[in-house]
Amino acid sequence: MYKGLALSVLASVTFGVLYFYSQFLKPFDSEQTFAWRMLATLPFLTLFMYWSGDLQHISQIFKRIVKQPVFLIWLIFSSILCTTQLWLFLWGPINGRGLQVSLGYFLLPLVMVLVGCVLYKEKLSTWQLAAVLLAILGVAHEIWRIGSIAWETVYVALAYPLYFFLRRAFKTDHLGGFWWDLCLILPVAFYLGFIHSDSLGLMAYFPHLIWAVIGLGFLSALGLGSYILASRYLPFVIFGLLSYLEPVLLAFASIVLGERVEAGEWLTYIPIWIAVLLLVIEGTLHLGKQKRKQRALDQNIENYQDRIK
């Protein structure tokens, strides 16, 4: 559980950095940025898997493809679900739609919690229930305020839960499955990076883009690798609720990039930020409780050893 918590926090912080990092990739457009993100992430992800001991999952999936060629259909669908989200993540801030995308990440945890409660029969603690109710208040206010939901918001909120649910169902909920998601999209990335656009010419004219792409690959592999591992180690409900840290950081990044939160939008964001705070408090109290239990256990063991001496 603790490993999953740490990985989830690491992923959220890295994604927040990536949202702001997109500014260093100018003058790349969103398609060029997506292409080079895919091309640069896969090598770093492979190194990340070597470090985490997950390389064997790549060959295991390949053996499943050989034995069941129809399994490749699921992998292609999984790749589309995953990589279109990665494209949208960078497309949003580049095209002034960062807040709409970040609202999708605000709504995403609610959908994840719903999936966990309905399909996996997971239970909510009092703190988690309060956080969910506050998040519902914030999202409901936004829907009422604008009268509809942007397509970016809907896609983020619905496609990711479907992706994670199907990954568990098809037993590809590990880094090997994610590696194949990126590998299968490489032809599209090569087309967008080398044929559809003159990105190599831009990199020659703007040398800083070379280092920016390398940094993009490293940060993407770190964030996405941590996120995928966290989804495997944590219950669906906890994984969903922890995802609230990410949209908070994305919203702040969007504001730093020049987008503004209007006066009528504060009732959307404040309840959700309070929900995140409740989860942080619960996590802190839980860690304190676990430490007290461990100290008591250590003391009992020490007392027992003293008696038998």
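Residues numbered from 1 in each chain as written. Predicted model: local features only at pLDDT ≥ 70, side-chain atom pairs only at ≥ 80, totals over all residues. Heavy atoms only, no water.

Chemist: Please provide a residue-by-residue account of the overall build of the protein chain, values included.
Modeler: Helices and strands together make up the secondary structure of the protein chain, namely 14 helices and zero strands. Along the protein chain, from the amino end to the carboxyl end, the secondary structure elements read α-α-α-α-α-α-α-α-α-α-α-α-α-α. Put simply, of all contacts in the protein chain between residues at least 6 apart along the chain, 88% involve residues at least 24 apart. Of the roughly 15100 Å² of accessible surface on the protein chain, a fraction of 71% belongs to carbon and sulfur atoms. (Helix = DSSP H or I, 4+ residues; strand = E, 2+ residues; numbered from the N terminus. Contact = heavy atoms within 4.5 Å. Areas by Shrake-Rupley, 256 points an atom, 1.4 Å probe, with all protein chains shown as cover.)

Chemist: Help me get a handle on a nonpolar patch on the surface, residues and values and all.
Modeler: On the surface, Phe190, Tyr191, Phe194, Ile195 and Leu200 cluster together to form a nonpolar patch covering roughly 520 Å² of accessible area. With four residues, the single largest contributor to the nonpolar patch is helix 9 (residues 186–195). In this structure, Tyr191 sits in helix 9. The partly exposed category is assigned to Tyr191, whose relative accessible area is 43%. (Patch = residues over 30% accessible without salt bridge, like charges linked within 9 Å, V, L, I, M, F, W, Y side chains within 5 Å. Salt bridge = Lys/Arg side-chain N within 4 Å of Asp/Glu carboxyl O. Buried < 20%, exposed > 50% of the residue type's maximum accessible area, 1.4 Å probe, protein only.)

Chemist: For unusual backbone geometry, give the residues involved together with the corresponding values.
Modeler: A cis amide bond links Lys26 to the next residue, Pro27, at an omega of 15°. Structurally, Pro27 is set in the loop between helix 1 (2–21) and helix 2 (30–52). At Lys171, a residue that is not glycine, the phi angle is positive and equals roughly 55°. Assignment of secondary structure puts Lys171 in the loop between helix 7 (151–169) and helix 8 (175–184).

Chemist: Account for helix 5 (residues 98–119), naming residues and giving values.
Modeler: Across its 22 residues, helix 5 extends 31 Å between first and last C-alpha, which sits within 8% of the 32 Å expected from 1.5 Å per residue. Residue Leu107 marks the point of greatest curvature in helix 5, where the axis turns by about 25°; the proline Pro109 follows within four residues. Summarising burial for helix 5: 17 of the 22 residues are buried, a large majority. (Expected span 1.5 Å × (residues − 1). Bend = angle between axes of the 7 residues up to and from the residue.)

Chemist: Residue-level account of a positive patch on the surface, with values.
Modeler: Positive charge collects at one region of the surface, where Lys289, Lys291, Arg292, Lys293 and Arg295 lie side by side. Mapped onto the fold, Lys289 is located in helix 14 (residues 266–308). (Lys, Arg positive; Asp, Glu negative; His and termini not counted. Charge placed at Lys NZ, Arg CZ, Asp CG, Glu CD.)

Chemist: So what's going on with the packing of aromatic side chains? Residues and values would help.
Modeler: Scanning the model with the defined rule gives 13 aromatic pairs in all. Ring geometry for Trp74 and Phe170: centres 4.5 Å apart, planes at 10°, overall stacked. A residue pair is termed long-range when its members are at least 10 positions apart, and Trp74 in helix 4 (residues 71–94) and Phe170 in the loop between helix 7 and helix 8 qualify at 96 residues. When its relative accessible area of 6% is taken as the criterion, Trp74 is described as buried. Grouping aromatic residues by their ring pairs yields a cluster made of Trp36, Phe190 and Phe194. Its guanidinium or amino end placed over the ring of Phe71, Arg64 lies 4.0 Å from that ring's centre, counting from NZ or CZ. (Phe/Tyr/Trp six-rings, centres within 6.5 Å; stacked < 30°, edge-to-face > 60°. Lys NZ or Arg CZ within 6 Å of the ring centre and 35° of its normal.)

Chemist: So what's going on with the nonpolar core? Residues and values would help.
Modeler: Ranked by internal contacts, the top residues of the largest apolar core, which has 62 residues, are Leu45, Leu86, Tyr163 and Phe178. Ranked by the residues each element gives to this core, the list is headed by helix 11 (residues 208–233), at 11 residues. Those residues in contact with Tyr163, other than ones at most four positions away along the chain, are Trp74, Ser78, Leu81, Cys82, Phe178, Asp181 and Ile228. (Core = buried A, V, L, I, M, F, W, Y, C linked by side-chain atoms within 4.5 Å.)

Chemist: Give a description of the side chain of Asp173 that names residues and reports values.
Modeler: Turning to its location among the elements, Asp173 is positioned in the loop between helix 7 and helix 8. Put simply, Asp173 is tucked away with no salt bridge, and the nearest opposite charge, on Arg168, sits 4.5 Å away.

Chemist: Break down the pattern of salt bridges for me, with residues and values.
Modeler: Counting across every chain of the model gives one salt bridge. In this structure, the salt-bridge partner of Arg167 is Asp181, at a minimum N-O distance of 3.8 Å. Within this pair, whereas Arg167 is found in helix 7, its partner Asp181 is found in helix 8, the two being separated by 14 residues in sequence. For Arg167, a relative accessible area of 0% gives the class buried.

Chemist: An account of the confidence of the model for the protein chain is needed here, citing residue identities and associated values.
Modeler: Summing up the model confidence of the protein chain, the mean pLDDT is 80 and the portion of residues at 70 or higher is 84%. Ranking the helices and strands of the protein chain by mean pLDDT puts helix 3 (residues 56–67) first, with 93, and helix 12 (residues 236–242) last, with 64. (pLDDT = per-residue confidence, 0-100.)

Chemist: I'd love a proper account of the packing of helix 3 against helix 4, names of residues and values included.
Modeler: Relative to each other, helix 3 and helix 4 sit at 130°, their axes nearing to 8 Å. As far as their axial angle goes, helix 4 and helix 3 are oblique. Residue-level inspection shows Ile61, Arg64 and Ile65 of helix 3 in contact with helix 4, the latter providing Phe71, Leu72 and Leu75. A per-class count over the contact of helix 3 with helix 4 returns five nonpolar, no polar and one charged. (Axes fitted to C-alpha atoms, helices over the stretch in contact; angles between N-to-C directions. Parallel < 35°, antiparallel > 145°, perpendicular 65-115°, else oblique. Nonpolar A, V, L, I, M, F, W, Y, C, P; charged D, E, K, R; others polar.)

Chemist: Can you explain the environment of Tyr163? Please cite residues and give values.
Modeler: For Tyr163, the location among the structural elements is in helix 7. Judged by its relative accessible area of 1%, Tyr163 falls in the buried class. In sequence terms Tyr163 and Phe77 are 86 residues apart; their C-alpha atoms lie 9.1 Å from each other.

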